[in-house]
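Fold and geometry: a report
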Amino acid sequence: MAGSESLEEREAALTHREAAQDEREAIAEERDRVAEQRDSIADQREAASDARDLQLDEKEKRLSGLEHLLDERARTLREAVPDMVRRQHEAIDRSRSVLQRAEQRLLRAEASLQRSRAAIRRDEAEIQREVAASSQHEKSEDGEADPTDESAES
């Protein structure tokens, strides 16, 4: 009878070890899936950030072109008839006001882009911390499982 209990204990210990290994594998697969999902999200954010960069660059080029055009108009008007110069200066002033508002929007968009980039960096750091914590947790689980296995066989 003592021999059959020993065999049953060994089988139970083996079953327990297999279940623990299966659980570790499932956790590792889930961690990998989550990491891939976060990588995908980070890639999407980076693509959105790149697209926003391109849009901001285009707006900045257009604003620069408009500013150059306004400066050129101003130079031309200084040489024109005084009454016409006054009316054109008023139009230029209005255009400059529009340009200033557009530049302010550009600055706000750039600040938003910087905030997005900071959020991406924070997310990447969080992912790294979670991966490190998960690896540490898995190592500590492996360390706890070994003494249990040895005592079950005794």
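Residues numbered from 1 in each chain as written. Predicted model: local features only at pLDDT ≥ 70, side-chain atom pairs only at ≥ 80, totals over all residues. Heavy atoms only, no water.

**Focus on a positive patch on the surface**
- Where like charges cluster on the molecular surface, the positive patch consists of K59, R62, R101, R105 and R108.
- When contributions to the positive patch are tallied by element, the ones reaching two or more residues are α1 (2-78) and α2 (82-153).
- With 3 residues, α2 is the single largest residue contributor to the positive patch.
- Inspection of the secondary structure puts R108 in helix α2. (Patch = residues over 30% accessible without salt bridge, like charges linked within 9 Å, V, L, I, M, F, W, Y side chains within 5 Å. Areas by Shrake-Rupley, 256 points an atom, 1.4 Å probe, with all protein chains shown as cover. Salt bridge = Lys/Arg side-chain N within 4 Å of Asp/Glu carboxyl O. Lys, Arg positive; Asp, Glu negative; His and termini not counted. Charge placed at Lys NZ, Arg CZ, Asp CG, Glu CD. Helix = DSSP H or I, 4+ residues; strand = E, 2+ residues; numbered from the N terminus.)

**Regarding a negative patch on the surface**
- Where like charges cluster on the molecular surface, the negative patch consists of E18, D22, E25, E29, D32, E36, D39, D43, E46, D50 and E124.
- As for its position among the elements, E124 is in helix α2.

**Considering the environment of I120**
- With respect to the helices and strands, I120 occurs in helix α2.
- Judged by its relative accessible area of 12%, I120 falls in the buried class.
- If we ignore the near neighbours within four places in the chain, the residues touching I120 are R45 and E46. (Buried < 20%, exposed > 50% of the residue type's maximum accessible area, 1.4 Å probe, protein only. Contact = heavy atoms within 4.5 Å.)

**Details of the pattern of salt bridges**
- Under the defined criterion, the tally for this structure stands at 9 salt bridges.
- In this structure, the salt-bridge partner of E138 is R31, at a minimum N-O distance of 2.9 Å. Taken together, the residues span a long stretch of sequence, with E138 in helix α2 and R31 in helix α1 at a distance of 107 residues.
- Taking relative accessible area as the criterion, E138 reaches 24% and is therefore assigned partly exposed.
- Note on R31: relative accessible area 21%, which makes it partly exposed.

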